[in-house]
Amino acid sequence: MRQAKRSFLVTAAALLPVLTGGAAAHALTQEAGRAQAGVPACVEVAPSWRYTFVTNNCSAPYTLTIAYSDGRDVPCRVAHPGDHITFPGHGTQGEHVVGAVLCSDGADH
């Protein structure tokens, strides 16, 4: 019985990082999906620690902003077809860019 408990605990300890990492990745994927809701695939987001670059490869303009994991608020900007616009990056304190978000000012398509 003691051997079975120890075997179970060793297996559980080995799997814990895998299971929690998968749960964290799943939560991040859901968070990103909510942020990207309504943003077409032709709008590309390229985050880095200093800047977040957004490229509008669509045929229509979009007014959008970037969602960050720390909840910071940055102003909406209009991205016309072919535009490359820059937003603040995610920083170095463990925050991350969740994704692009369409703004509801009537200018989105």
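Residues numbered from 1 in each chain as written. Predicted model: local features only at pLDDT ≥ 70, side-chain atom pairs only at ≥ 80, totals over all residues. Heavy atoms only, no water.

Draft legend 1. Spatial organisation of the pairing of strand S1 (residues 43-47). As judged from the 5 bridges shared by S1 and strand S2 (residues 51-56), these two strands associate in the antiparallel manner. Paired with Val 45 across the strands is Val 54, a residue of S2. (Pairing = 2+ DSSP bridges. Helix = DSSP H or I, 4+ residues; strand = E, 2+ residues; numbered from the N terminus.)

Draft legend 2. Here's a closer look at the nonpolar core. Grouped together as the largest cluster of nonpolar side chains are 15 residues, with contacts concentrated most on Val 43, Val 54, Leu 64, Ile 66 and Phe 87. Of all elements in the fold, only strand S3 (62-68), strand S5 (84-88) and strand S6 (97-102) reach the threshold of two or more residues within this core. Considering every element that reaches this core, the biggest residue donor is S3, with 4 residues. Contact partners of Phe 87, with chain neighbours within four places excluded, come to Tyr 51, Thr 52, Val 54, Leu 64, Thr 65, Ile 66, Tyr 68, Val 74, Pro 75 and Arg 77. (Core = buried A, V, L, I, M, F, W, Y, C linked by side-chain atoms within 4.5 Å. Buried < 20%, exposed > 50% of the residue type's maximum accessible area, 1.4 Å probe, protein only. Contact = heavy atoms within 4.5 Å.)

Draft legend 3. Region of the structure containing the state of the cysteines. Tallied over the entire structure, the rule returns 2 disulfides. A sulfur-sulfur separation of 1.9 Å characterises the disulfide bridge that pairs Cys 42 with Cys 58. Handedness of the Cys 42-Cys 58 disulfide follows from its S-S torsion of about 100°: it is right-handed. Taken together, the positions of Cys 42 in the loop between helix H1 (2-36) and S1 and Cys 58 in the loop between S2 and S3 put the pair 16 residues apart, joining distant regions of the chain. A relative accessible area of 26% places Cys 42 in the partly exposed class. A relative accessible area of 10% places Cys 58 in the buried class. Bonded cysteines in the protein chain are paired 1-2, 3-4 when counted in the order they occur along the chain. (Disulfide = S-S within 2.5 Å.)

Draft legend 4. Structural context of the sheet that holds S6. Taken in spatial order, the 3 strands make up an open sheet running S4-S3-S6, and their pairing is antiparallel. Two strands close off the open sheet at either side, each with one partner strand: strand S4 (77-79) and S6. Pairs of neighbouring strands in the sheet enclose a mean axial angle of 40°, with direction left out of account. Across 5 bridges, S3 lies against S6 in antiparallel orientation. Residue pairing in the sheet places Thr 65 in a bridge with Val 101 of S6. (Axes fitted to C-alpha atoms, helices over the stretch in contact; angles between N-to-C directions.)

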